[in-house]
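# Analysis of the macromolecular model
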Amino acid sequence: MSKRKEFRDLSTVEEAHAAIESLDLDPGVETVDLDAADGRVLAERVDAGLDVPGFDRSALDGYALHARETFGAGETDPATFTVVGTVEAGERPATDLGAGEAVEIATGAVMPPDADAMVAVERTDRDGDTLLVRTAVTPGENVMAAGADIAAGERALGPGTRLTSREIGLLSALGVDEVPVRAKPRVGIVSTGDELVRPGETVDSGRGQIYDVNSYAVAAGVREAGGEPVVYPHAGDDMAEMERALREAADECDLVLSSGSTSASAVDVVYRVIEEQGDLLLHGVSIKPGKPMLVGQFNESAYIGLPGYPVSALSIFRTFVAPAIRRAAGRAAPPSATVAGRMAVRERHEEGRHRLVPVGLVTDGNGDTLVYPVDKGSGATTSLVEADGIVEMPADVSYLDRDERVSVALFSPDVRPPTVFGVGEDDPLLSRLLDRLDRPRYLGHGSRVGRRRLRDDVSDVAVVSTADEVESGTELGGWTREWGLVVLAGNPAGIEGLADLVERDLRFVNRSTASGLRTSLANALAALADERGVDRHDLVDAIDGFDFAVESHESPARRVVAGDADAGLGLRATAEKLDCGFVSVGEERVRVLANPSRTEKPGVERLRAELDDIGDLVGALPGFGTVDDR
């Protein structure tokens, strides 16, 4: 039996930053064509090799002339000239000016060599070749002299300049067709674990396989930071295979990032590879999420090991790795994007580790920003999009109190609170309704959680299914839905109702206790128990799988389709969508309840308006009806 590797003494956050800063990630310099330079960082100074403009040019449409011959001219006493030619943009002047002569000239055209000013056409009158100038001009007036924009030999751009459309425009004006830029650090990404499957391939959930999230999410983060990601085929948990993958990446990249196989497990072997083939600088950081982090050198390439869970991996990447890639690419840190708010609920955690708390934002009825934790666990990828930013809790802080002021480091300067924030039932009609709103956020955590979030003044609305007529909150609208047992097409088991689940050897899949459907089922079983004169718990105990709960409204039906159950709690609409059979048990009402203090929020008002016009949504979903249809 292999010996379990325990973490070394956990490093502090400051020590982790220092270890990563000690790594050599310098990618060097490369020369790129100007049309590929957008967003790159200039590696060397660029001096002007010519005057811009390279000639004296007209700033306006008008007439080139000798300035001294206009002195004293005005509206009532114009100076008279004879027009002796024309110069268009891109032409070489072909006419020399004599005394009392002028040349018609276009904006941007070359000034005749002996003309020292030009007058705008609006300040002149012309009759044939006779020109009347009704204003005086001074030498150089309305003329851009050669080198006025930038002169030959002048410093045009300095090293470290990020090239945008403005800088590229200047380089183009200088005739520069290629520039030296900081090379993008090549970052090899190796996800580890026998359970990983690339998106697009078939995943076998029965074998515990999952799709590879980290390779793609981390690669996107590398690009955002200014690096060039190189995604390698994922490595299994075999030490030889992992060593081969890491060696290949180290030979080709400036930095190697692996994810997974960094925790203290007998099958986690990355740290052994690094210890035996390189230099392991750090193993384990006193931070949550992200404790199992590695930093080291491997084959002269820098190495950082990220945790396997996506939320942990992305948190560590954002906090430690992205700044290192930006420094190597010569890119400045993005503008600080923080927002102040107050905690909507109390947040606890054990002292001892620095914690990065994913949080969401919502505005209350007064427009103030509330902050609520978004924590479904490090393995829940939806936490990545349900959160707006991070609140840091130092190791010596055990809780953030409700109404405590906090600073949120936003994931992006573009982050804004949702227009309407709801919590409650997972429902197919609601999903379609949300598509009609601008920037909504909805957490389908069930009726029980929806009521609690509304009661705690966190959410704008709660969506609940209930048989009760009285609910806390202001009702905005709702609908009805038919619920029952989802079975295989044709109902091969001949299931007729709840009694079959009690009396027969059938496998059943239930919804979570937070779901309103679960409550409807419990009420129906209580009614059946009353009919039989038995205790409800006796019926519950007789159902095989009653305590096996899944979250989504479609999940029980999908278990039935997969052959893992004979029946699942669900909706008629779900059964028909998945081509299943359906045994109706009852109908329940779904209510949309608003926080009474937020009914005037624009997002809530828009939701109310859409709820008044859901006939098409109801008609498209079998078993659904409007409240008036009852």
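Here is a short report on the structure shown in this document. All figures in this text were calculated on a predicted structure; none of them were measured in a lab.

A separate point is the side chain of S215. Here S215 is to be found in helix α3 (residues 214-225). At 2.6 Å, the side chain of S215 and the side chain of D212 are in polar contact.

A separate point is the pattern of salt bridges. Applying the stated criterion across every chain, the model contains 33 salt bridges. The closest approach of N and O atoms between E104 and R126, which form a salt bridge, is 3.0 Å. Of this pair, E104 sits in strand β6 (residues 101-105) while R126 is found in strand β8 (residues 124-127), placing the two residues 22 residues apart along the sequence. Judged by relative accessible area, E104 falls into the partly exposed class, the value being 30%. Classification of R126 as partly exposed rests on a relative accessible area of 38%. Notably, a salt bridge pairs D129 with R126, separated by 3.9 Å at the nearest N-O pair. One connected set of salt bridges, linked through shared partners, spans E425, D427, R481 and E588.

This part covers the nonpolar core. Where a protein is soluble and globular, its nonpolar side chains tend to be buried together. Counting residues in each nonpolar core, the largest one holds 45 residues, and the members touching the most others are W479 and F508. L25, A225, A313 and A322 belong to the second-largest nonpolar core, a separate cluster that totals 34 residues.

Following the sequence through the fold, L621 ends up in the loop between α16 (615-619) and β37 (624-626). The class of L621 is buried, set by a relative accessible area of 7%. Residues L621 and A573, spaced 48 residues apart in sequence, show a C-alpha to C-alpha distance of 5.7 Å. Once you skip the residues sitting within four places of it in the chain, L621 turns out to touch P428, L429, R432 and A573.

We now examine the sheet that holds strand β20 (residues 294-298). If you trace the six strands from one edge of the open sheet to the other, you get β16-β13-β17-β21-β20-β18, paired in mixed fashion. In the strand order of this sheet, the two ends are held by β16 (228-231) and β18 (278-283), each with one partner. Adjacent strand axes in the sheet meet at a mean angle of 20 degrees when their direction is disregarded. Sheet topology note: the β20/strand β21 (residues 301-306) ladder contains five bridges and is antiparallel. Within β21, the position partnered with Q297 by the bridge is A302.

Below, the discussion takes up a negative patch on the surface. A contiguous patch of negative charge on the surface is contributed by D33, D35, D177 and E178. Along the chain, D177 falls in the loop between α2 (165-173) and β12 (178-182).

This part is about the side chain of S259. Mapped onto the elements, S259 comes out in strand β17 (residues 255-259). Judged by its relative accessible area of 6%, S259 is buried. For S259, the side chain forms a polar contact with the side chain of S191, separated by 3.2 Å. Residues contacting S259, with those up to four places away along its chain left out, are V190, S191, T192, N214, L306, P307 and G308.

Turning next to the packing of helix α4 (residues 239-252) against helix α5 (residues 270-277). The geometry of α4 relative to α5 is characterised by a closest axis approach of 10 Å and an angle of 60 degrees between their N-to-C directions. Between α4 and α5, the crossing angle belongs to the class labelled oblique. Where α4 crosses over α5, the two elements pack in a sense that is right-handed. Facing M239, M242, E243, L246 and R247 of α4, the residues of α5 in contact are V270, R272, V273, I274, E276 and Q277. Of the residues that constitute the contact of α4 with α5, the class distribution is six nonpolar, one polar and four charged.

This paragraph deals with helix α9 (residues 447-455). Taken residue by residue, α9 has S447, V449, G450, R453 and L454 as its buried positions. Down the axis of α9, the sector holding all buried residues measures 160 degrees, keeping them to one side. Phi for D457, located one or two positions after α9, is positive at around 65 degrees.

The subject of this paragraph is unusual backbone geometry. In the segment running from V52 into P53, the intervening peptide bond is cis, with an omega of -5 degrees. Residue placement: P53 occurs in the loop between β2 (46-47) and β3 (57-58). Cis geometry is found at the peptide bond from K288 to P289, where omega equals -5 degrees. With respect to the element layout, P289 can be found in the loop between β19 (287-288) and β20. For N491, which is not glycine, the phi dihedral falls at a positive 50 degrees. Backbone geometry at D579 places phi at a positive 60 degrees, although glycine is not the residue there. With respect to the helices and strands, the residue D579 is situated in the loop between α14 (572-577) and β36 (581-594). Given a relative accessible area of 62%, D579 falls into the exposed group.

Rules of the game
- Residues numbered from 1 in each chain as written.
- Predicted model: local features only at pLDDT ≥ 70, side-chain atom pairs only at ≥ 80, totals over all residues.
- Heavy atoms only, no water.
- Helix = DSSP H or I, 4+ residues; strand = E, 2+ residues; numbered from the N terminus.
- Polar contact = N/O pair within 3.5 Å; in protein donor to acceptor, adjacent residues only side chain to side chain.
- Salt bridge = Lys/Arg side-chain N within 4 Å of Asp/Glu carboxyl O.
- Buried < 20%, exposed > 50% of the residue type's maximum accessible area, 1.4 Å probe, protein only.
- Core = buried A, V, L, I, M, F, W, Y, C linked by side-chain atoms within 4.5 Å.
- Contact = heavy atoms within 4.5 Å.
- Pairing = 2+ DSSP bridges.
- Axes fitted to C-alpha atoms, helices over the stretch in contact; angles between N-to-C directions.
- Patch = residues over 30% accessible without salt bridge, like charges linked within 9 Å, V, L, I, M, F, W, Y side chains within 5 Å.
- Areas by Shrake-Rupley, 256 points an atom, 1.4 Å probe, with all protein chains shown as cover.
- Lys, Arg positive; Asp, Glu negative; His and termini not counted.
- Charge placed at Lys NZ, Arg CZ, Asp CG, Glu CD.
- Parallel < 35°, antiparallel > 145°, perpendicular 65-115°, else oblique.
- Left-handed = near helix turned anticlockwise from the far one by under 90°.
- Nonpolar A, V, L, I, M, F, W, Y, C, P; charged D, E, K, R; others polar.
- Arc of directions from axis to C-beta.

Treat this as a map of the structure, not an account of what it does.
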